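Examining the three-dimensional arrangement
Each chain is listed here by its residues.
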Amino acid sequence: MRVSAIQMNQGSDKPANLGQARRLIEGALAADRPHIVTLPETWTNLGGGRDSRMNAAEILPPVGSNEAGGPAYEMMREIARGAGIHIHGGSIIEKGEEKLFNTTVVFDPTGAEIARYRKIHLFDITGPDGTGYRESALYGGGSDIVTFRAGDTTFGCTICYDMRFPEQYLALRRAGAEVIFVPSNFTLMTGKDHWEVLLRARAIETQCWIVAAASHGSYEERGAMRQVYGHSLIADPWGHVVAKASDGTGWATARIDPAVTARVRRDMPVLEHRRLA
């Protein structure tokens, strides 16, 4: 199974973001013919402040229904059906009753939604450069571990800041995950020191493939410019980075080889050896 991680430079113009995502997905399909494509975190909106996020938010139809969703939801559904692939929708902004949610939706090759995950760990920190982030001011947090099947493979869902909490990844491994998605908007200041090492650590300790589609470049947030790190990557269960996107927009593609997963888990059965947690 081939997977492509799309790297975007999105901003606060939702229609432009949708157009960029479509072009990049089409480019990856033409060049690499992936079976599953994944997008970055909140690829429909990055920056612009509260109003921009509210305007980009979509009300999601009930899982399993035939009801129509918003523009991003329907675009992913249409691409999945038209190309005959799975689409892991990175995350989009979901409009809840009281708060927004940072939410992943996944579509199968018929265009049916097969998984939905709300980001559990919210990004409330002060970065090394003094910039403050308070995701919980607008977003509610999820609580459920989510996996789904594509072909013969079980995939797990996480989003960005979740990667700093290895217990979530252990729970996904115990739930049968062989591949874990980590769509992200990782800040430049933390990304240059922590991005790759954290993703490789999550791969090594869970013995899962890690697929991390990321946003790259600059965006405007309430009159100030911010930067995200990019470097979308795919790591194998031994922690080797087997594909990585260059700076700018683009994608990284790799083949998920179940034989590699089986060999690593057979030769070093850490899940069976675990005594704590």
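I will try to describe carefully the structure that is included in this document. What you are looking at is a predicted structure, and each value in this text was computed from that prediction instead of being measured.

As for its position among the elements, Thr154 is in strand 11 (residues 153-157). Judged by its relative accessible area of 9%, Thr154 falls in the buried class. At 2.8 Å, the side chain of Thr154 forms a polar contact with the side chain of Arg149. Here Thr154 is in contact with Thr147, Phe148, Arg149, Gly176, Ala177, Glu178 and Val179, once residues within four sequence places are set aside.

The next point concerns the packing of aromatic side chains. Under the counting rule described, the total for this entry stands at eight aromatic pairs. Judged by centre distance (6.3 Å) and plane angle (5°), the ring pair of Phe148 and Phe181 falls under stacked. Here Phe181 lies in strand 12 (residues 179-181) and Phe148 lies in strand 10 (residues 147-150), a separation of 33 residues in the sequence. Of the two residues examined, Phe148 and Phe181, each falls in the buried class. Ring centres of Tyr161 and Phe165 lie 5.3 Å apart, and the angle between their planes is 85°; this geometry places the pair in the edge-to-face category. Through a chain of ring-to-ring contacts, three or more aromatic side chains come together here, namely Phe123, Tyr133, Tyr161 and Phe165. Sitting above the plane of the Phe101 ring, Arg118 keeps its charged end 3.6 Å from the centroid.

Mapped onto the fold, Ser246 is located in the loop between strand 17 (241-244) and strand 18 (250-255). Residue classification places Ser246 among the exposed residues on the basis of a relative accessible area of 57%.

Looking now at the pairing of strand 5 (residues 100-107). Across the eight residues of strand 5, eight count as buried, placing the element largely inside the fold. Where burial is concerned, the two faces of strand 5 agree: the one with Leu100, Asn102, Thr104 and Val106 and the one with Phe101, Thr103, Val105 and Phe107 are both buried. Adjacent in sequence and paired antiparallel, strand 4 (residues 92-95) and strand 5 are bridged by four residues. Inspection of the sheet shows strand 5 paired to strand 9 (residues 139-140) by two bridges, in the parallel sense. What sits directly across from Leu100, in strand 9, is Tyr139.

Moving on: the sheet that holds strand 10. Within a beta sheet, neighbouring strands are joined by backbone hydrogen bonds and run either parallel or antiparallel to one another. One open sheet holds the six strands; their spatial order is 10-11-12-13-16-17, and the pairing between them is mixed. Looking at which strands have only one partner, the edges of the open sheet turn out to be strand 10 and strand 17. Going from strand to strand, the sheet's axes swing by 20° on average, the running direction of each strand aside. With three bridges connecting them, strand 11 and strand 12 associate as parallel partners. Bridge pairing links Phe155 to Val179 in strand 12. The sheet contacts of helix 4 (residues 166-174) involve strand 10, strand 11, strand 12 and strand 13 (209-212), and relative to strand 11 the element is tilted by about 155°.

Below, the discussion takes up the pattern of salt bridges. Taken as a whole and assessed by the stated rule, the structure comprises 16 salt bridges. Note that Glu78 and Arg22 form a salt bridge whose closest N and O atoms lie 2.9 Å from each other. In this pair, Glu78 sits in helix 3 (residues 71-83) while Arg22 sits in helix 1 (residues 14-32), placing the two residues 56 residues apart along the sequence. Residue classification places Glu78 among the partly exposed positions, given a relative accessible area of 40%. A salt bridge links Arg266 to Asp267; the nearest nitrogen and oxygen atoms lie 2.8 Å apart. Considered together, Arg266 and Asp267 belong to a single accessibility category, that of exposed residues. When salt bridges that share partners are traced, they join Glu41, Lys119 and Glu135 into one network.

A word on the packing of helix 4 against helix 5 (residues 188-206). The interhelical angle for the contact between helix 4 and helix 5, taken along N-to-C directions, is 40°, at an axis separation of 10 Å. Judged on the interaxial angle alone, helix 5 and helix 4 are oblique. Considering how the two elements wind past one another, helix 4 and helix 5 form a crossing that is right-handed. Here Pro166, Tyr169, Leu170 and Arg173 of helix 4 lie close against helix 5, whose contacting residues are Arg202, Glu205 and Thr206. Grouping the constituent residues of the contact of helix 4 with helix 5 by class yields three nonpolar, one polar and three charged.

All right, on to the nonpolar core then. Counting residues in each nonpolar core, the largest one holds 44 residues, and the members touching the most others are Phe148, Met163, Trp195, Leu199 and Ile210. In this structure, Trp195 is in contact with Met163, Val182, Ser184, Phe186, Thr190, Ala212, Ala214, Tyr229, Gly230, His231, Ser232 and Leu233, ignoring residues within four places of it in sequence. Within the second largest apolar cluster, 22 residues are counted, among which are Met8, Leu60, Met75 and Ile92.

Analysis parameters
Residues numbered from 1 in each chain as written. Predicted model: local features only at pLDDT ≥ 70, side-chain atom pairs only at ≥ 80, totals over all residues. Heavy atoms only, no water. Helix = DSSP H or I, 4+ residues; strand = E, 2+ residues; numbered from the N terminus. Buried < 20%, exposed > 50% of the residue type's maximum accessible area, 1.4 Å probe, protein only. Polar contact = N/O pair within 3.5 Å; in protein donor to acceptor, adjacent residues only side chain to side chain. Contact = heavy atoms within 4.5 Å. Phe/Tyr/Trp six-rings, centres within 6.5 Å; stacked < 30°, edge-to-face > 60°. Lys NZ or Arg CZ within 6 Å of the ring centre and 35° of its normal. Pairing = 2+ DSSP bridges. Axes fitted to C-alpha atoms, helices over the stretch in contact; angles between N-to-C directions. Salt bridge = Lys/Arg side-chain N within 4 Å of Asp/Glu carboxyl O. Parallel < 35°, antiparallel > 145°, perpendicular 65-115°, else oblique. Left-handed = near helix turned anticlockwise from the far one by under 90°. Nonpolar A, V, L, I, M, F, W, Y, C, P; charged D, E, K, R; others polar. Core = buried A, V, L, I, M, F, W, Y, C linked by side-chain atoms within 4.5 Å.

Purely geometric numbers; function is a separate question.
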